[in-house]
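Report on the structure
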Amino acid sequence: MILCIRCYPSGKKSLNLQKINTMSQELSEQEQIRRNSLQELTALGIDPYPAETYETNVTASEILEDYPNNEKLFQDISIAGRIMGRRIMGAAAFVELQDPGGKIQLYFKRDDICPGEDKSAYNIVFKRLLDIGDIIGVKGYVFTTKMGEITIHVKEYKLLSKSLKPLPVVKEKDDKVWDAFTDPEQRYRQRYLDLIVNPEVRSTFIKRTELVNSMRSFLNVKGYLEVETPILQPLYGGAAARPFKTHHNSLDMTLYLRIANELYLKRLIVGGYDGVYEFSKDFRNEGMSRFHNPEFTQMELYVAYKDYEWMMDLVEEMIEKIAIDLHGTTKVKVGENIIDFKRPWKRYTMLGVIREYTGIDISEMDEAELRATANKLEVETDPSMGKGKLIDEIFGETCEAKLIQPTFITDYPVEMSPLAKKHRSEEGLVERFEAICNGKELCNAFSELNDPLDQRRRFEEQLELGKRGDTESMVLDEDFLRALEYGMPPTAGLGIGVDRLSMIMTDSNSIQDVLFFPQMRPEKKQEVSSDEEFIALGFQPEWVPILREKGFNTVEELKQANPNKLANDLNGLRKKKKLDIPALNPAKVKEWIEA
RNA sequence: CUCUCCGUAGCUCAGCUGGCAGAGCAGCUGACUCUUAAUCAGCGGGUCGAAGGUUCGAGUCCUUCCGGGGAGACCA
């Protein structure tokens, strides 16, 4: 293999750049160099993307955790990960290796990697053909360097995957970070990059999954059944929102992506299950903001023979458990605040909390008085709003943002809660609560309406609101009413926003930070016509790079050009570059681009 | 949808009242056997988001558009 060293004398690398370049015009110099390295690796007989399993027996975090306690451990290890940094000093080098659990330093020494005469595995392959971003596996033993860092002394290594694009290189020391990869657009569009270079992003999403696991196990221990219900629905219902519309070809009918799964879960309660829940991806056709994504996740739970009082206790218990499971404490830092989920939470009625924060008692007001009050409080109204909506607006504007610690707001106006049961003692109200936390709704729950006649009236009132111009009013679901007519036990229902809860539990400022792939406008890619399209016009293949150099990316752009000037310019370049192709005839060019 | 800020090298960012596109890291070449933001010497790398306009001259000024952030509106 000594021959190989002679094959790659220093300084001759750049010869190959042109050849590879013809594949695409868009490669940066660094990408070309990496593609070159790829070719050289292949030429050396090294598969840059080997198929077989690479057996590992340890992770970075296990070593960092256990080695200090027992330095006899980890004397024969195998580990794999991505190269995140290199410090090469002649015949020795240090490498930062990142695996799913963390980063660990590797020590490469030439004479250990290459025990014999042939030093190419170190000098050529490791030093020159490997890059930051490549994925490798190494075998060796753990030791501590002079500087006191736990390090793997590498005896052999293997390339597992060659990286062709340069990675953002984030450097850090003593909690200071240099050149952090921060551009939100790139982070969200290329989440994989974000995950590679920003470890806190990886842990945020792990926390999100732990949250879901914690909630699921809480519900399973209680004996509730996790179920799945349709996402494609002929009628959307269960919430006040505009849906996404789609079409089923063979049935030739409109279907909607669900905005909630409430009505299906309640059908299952009618069917005889006494507790059902679903982690439900819901879709609402609305704007986006740091609190809204068009698709989001809700957990909905329905439990028979219970009421909303009981459900409040369950919510407190469940969220408190989640906080402890994730943080080991009920106190969670969110922005500037410390939020304490310890039970019991404060409970206010809606009218009570409005009285508390505005000093106004609205309990006896009719629609006109409410509208006047709203205007006085500088709450915006519009004519489509009924009494319930007005109260909700007043609450939303004057109270909600001030509720930082988890707080239950109970007893909502009947007009805005068409699926909730009439309050057992308060006229005009329903048995509904929301938990508010950090100024935002965390969950929504009620004693479910199981009176089929009342439910029909409520739907009909919604239809009236729809006629007044409320685009989010509910539609009437005859099959759901039919189910209720067979009889549904008294039931408590809950909907809890998993994304919103994740934001709080991970101290994330935006919903985009707890969704792997938040909705974004499509990337606008530059239109580029293929070589074949240019050739099809009549140009010889040799002209295509010249056309591109001249700034013509598409055939369309070419057709806009003045044929005489074009032929002139191109022939000028031909002369300048001394190209060995026939000159263009302006009349022919005119024919081609006007064809 | 409105207001506002931003878009310059692979990443982070400078670039003044308009005058030859810059730095650090990353990359390439070379030196270096326990470094750690490794170091030292040298070199390459750009459609300044796009299109118009003003100007002798535009990264810089004006208009429009695209994309993104933030704040609101709508909305949970």
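Note that the coordinates shown come from a computational prediction; the quantities given were computed from them, not determined experimentally.

1. Quick look at helix H9 (residues 199-221)
In this model H9 runs 33 Å from its N-terminal to its C-terminal C-alpha over 23 residues, within 8% of the 33 Å that 1.5 Å per residue would give. Of all the residues in H9, the buried ones are Val201, Arg202, Thr204, Phe205, Arg208, Leu211, Val212, Ser214, Met215, Phe218 and Leu219. Gly223 lies just past H9 and shows a positive phi near 90°.

2. Description of the confidence of the model for chain A
Low pLDDT marks regions whose predicted coordinates should not be analysed in detail. Predicted confidence across chain A gives a mean pLDDT of 86, with 86% of residues reaching 70 or more. Considering each helix and strand of chain A separately, the mean pLDDT is smallest for helix H1 (residues 2-7), with a value of 30, and largest for strand E8 (residues 225-226), with 98. Taken over the whole predicted complex, pTM reads 0.85, whereas the ipTM for its chain interfaces reads 0.90.

3. Some thoughts on the sheet that holds strand E3 (residues 102-109)
The strands making up a sheet are joined through hydrogen bonds of the backbone, oriented either antiparallel or parallel. The strand order around the closed barrel built from 5 strands is E1-E2-E3-E5-E4, with neighbouring strands paired in mixed fashion. Strand-to-strand twist in this sheet, taken as the mean axis angle between neighbours without regard to direction, amounts to 50°. Pairing analysis gives 3 bridges linking E3 to strand E5 (residues 150-161), with the strands arranged parallel. Bridge assignment links Gln105 to a residue of E5, and that residue is Thr151.

4. Focus on the packing of helix H15 (residues 452-467) against helix H16 (residues 478-486)
Two numbers describe how H15 lies on H16: the axes approach to 9 Å, and their chain directions differ by 160°. When the axis of H15 is compared with that of H16, the two are roughly antiparallel. Judged by the twist between their axes, the crossing of H15 over H16 is right-handed. Contacts between H15 and H16 involve Pro452, Gln455, Arg456 and Phe459 from the former and Glu478, Phe480, Leu481, Leu484 and Glu485 from the latter. The class makeup of the residues in the contact of H15 with H16 is 5 nonpolar, 1 polar and 3 charged.

5. What to know about the side chain of Thr407
Looking at the secondary structure, you find Thr407 in strand E17 (residues 407-413). Engagement of the side chain of Thr407 in a polar contact is seen with the backbone oxygen of Gln405, the distance being 2.7 Å. Once residues lying within four places of it in the same chain are set aside, the contact partners of Thr407 are Lys346, Tyr348, Glu434, Ala435 and Ile436.

6. Quick look at the pairing of strand E13 (residues 295-304)
Burial runs high along E13: 9 of the 10 residues are buried. Relative to E13, strand E12 (residues 275-283) is paired through 9 bridges, and the arrangement is antiparallel. Each bridged residue has a counterpart across the sheet, and for Lys281 the counterpart in E13 is Thr297. Two strands pair when backbone bridges link them, and E13 and strand E20 (residues 491-497) are joined in this way by 7 bridges, in the antiparallel orientation. Paired with Glu300 across the strands is Gly495, a residue of E20.

7. Concerning empty space enclosed by the protein
Per the counting criterion, the structure on display carries 2 cavities of 30 Å³ or more. Size it by volume and the largest cavity reaches roughly 60 Å³. Together, Met84, Lys103, Ile132, Leu167, Pro168, Val169, Val170, Glu172 and Val197 line the largest cavity. Residue composition of the lining of the largest cavity, by class: 7 nonpolar, no polar and 2 charged. When its volume is computed, the second largest cavity comes out at roughly 30 Å³. For the second largest cavity, the full set of lining residues is Gln233, Leu235, Tyr236, Gly237, Ala260, Leu263, Tyr264 and Asp477. The residue makeup of the lining of the second largest cavity, split by class, is 5 nonpolar, 2 polar and 1 charged.

8. Some thoughts on the environment of Ala323
Structurally, the position occupied by Ala323 is in helix H11 (residues 308-327). Residue class for Ala323 comes out buried when judged on its relative accessible area of 0%. Placed 17 residues apart in sequence, Ala323 and Asp340 show a C-alpha to C-alpha distance of 9.0 Å. Not counting chain neighbours up to four residues away, the residues in contact with Ala323 comprise Gly328, Thr329, Thr330, Val332, Phe341 and Met505.

9. Quick notes on the layout of surface pockets
Put simply, the second largest pocket is a space of about 870 Å³. Taken together, 26 residues line the second largest pocket, and the ones lying closest to its centre are Arg87, Glu96, Gln105, Glu149 and Glu172. Of all the secondary-structure elements, those providing two or more residues to the lining of the second largest pocket are strand E1 (77-89), strand E2 (92-99), E3 and strand E6 (171-173). At 5 residues, the largest contribution of residues to the lining of the second largest pocket is made by E1. Looking at the lining of the second largest pocket residue by residue, the class counts come to 12 nonpolar, 3 polar and 11 charged.

10. Concerning the pattern of salt bridges
Inspection of every chain in the model, using the stated rule, returns 39 salt bridges. Its salt-bridge partner being Glu309, residue Arg347 comes within 4.0 Å of it at the nearest N-O pair. Here Glu309 lies in helix H11 and Arg347 lies in strand E16 (residues 346-349), a separation of 38 residues in the sequence. Of the residues examined, Arg347 reaches a relative accessible area of 36% and is grouped as partly exposed. The residue Arg347 makes a salt bridge to Asp313 at a minimum N-O spacing of 2.9 Å. Here Arg347, found in strand E16, pairs with Asp313, found in helix H11; they are 34 residues apart in sequence, far enough to count as distant. One network of salt bridges, with partners in common, ties together Arg187, Arg191, Asp194 and Asp513.

11. Re the packing of aromatic side chains
Enumeration according to the criterion identifies 15 aromatic pairs in this entry. Centre to centre, the rings of Phe108 and Tyr157 are 5.5 Å apart; their planes meet at 65°, and the pair counts as edge-to-face. Pair noted here: Phe108 is in strand E3 and Tyr157 is in strand E5, with a separation of 49 residues, a long-range link. For Tyr157, a relative accessible area of 16% translates into the label buried. Arg267 extends its terminal NZ or CZ atom over the ring of Tyr264, reaching a point 4.8 Å from the ring centre. A cation sits over an aromatic face here: Arg432 above Tyr412, 4.5 Å from the ring centre.

Conventions and cut-offs
Residues numbered from 1 in each chain as written. Chains lettered and ligands numbered in written order. Predicted model: local features only at pLDDT ≥ 70, side-chain atom pairs only at ≥ 80, totals over all residues. Heavy atoms only, no water. Helix = DSSP H or I, 4+ residues; strand = E, 2+ residues; numbered from the N terminus. Expected span 1.5 Å × (residues − 1). Buried < 20%, exposed > 50% of the residue type's maximum accessible area, 1.4 Å probe, protein only. pLDDT = per-residue confidence, 0-100. Pairing = 2+ DSSP bridges. Axes fitted to C-alpha atoms, helices over the stretch in contact; angles between N-to-C directions. Parallel < 35°, antiparallel > 145°, perpendicular 65-115°, else oblique. Left-handed = near helix turned anticlockwise from the far one by under 90°. Contact = heavy atoms within 4.5 Å. Nonpolar A, V, L, I, M, F, W, Y, C, P; charged D, E, K, R; others polar. Polar contact = N/O pair within 3.5 Å; in protein donor to acceptor, adjacent residues only side chain to side chain. 1 Å grid on protein atoms, 1.4 Å probe; cavity = no way out; pocket = protein on both sides within 12 Å on 5 of 7 lines; lining within 4 Å. Points joined across faces, edges and corners; volume = space filled by probe spheres on them. Salt bridge = Lys/Arg side-chain N within 4 Å of Asp/Glu carboxyl O. Phe/Tyr/Trp six-rings, centres within 6.5 Å; stacked < 30°, edge-to-face > 60°. Lys NZ or Arg CZ within 6 Å of the ring centre and 35° of its normal.

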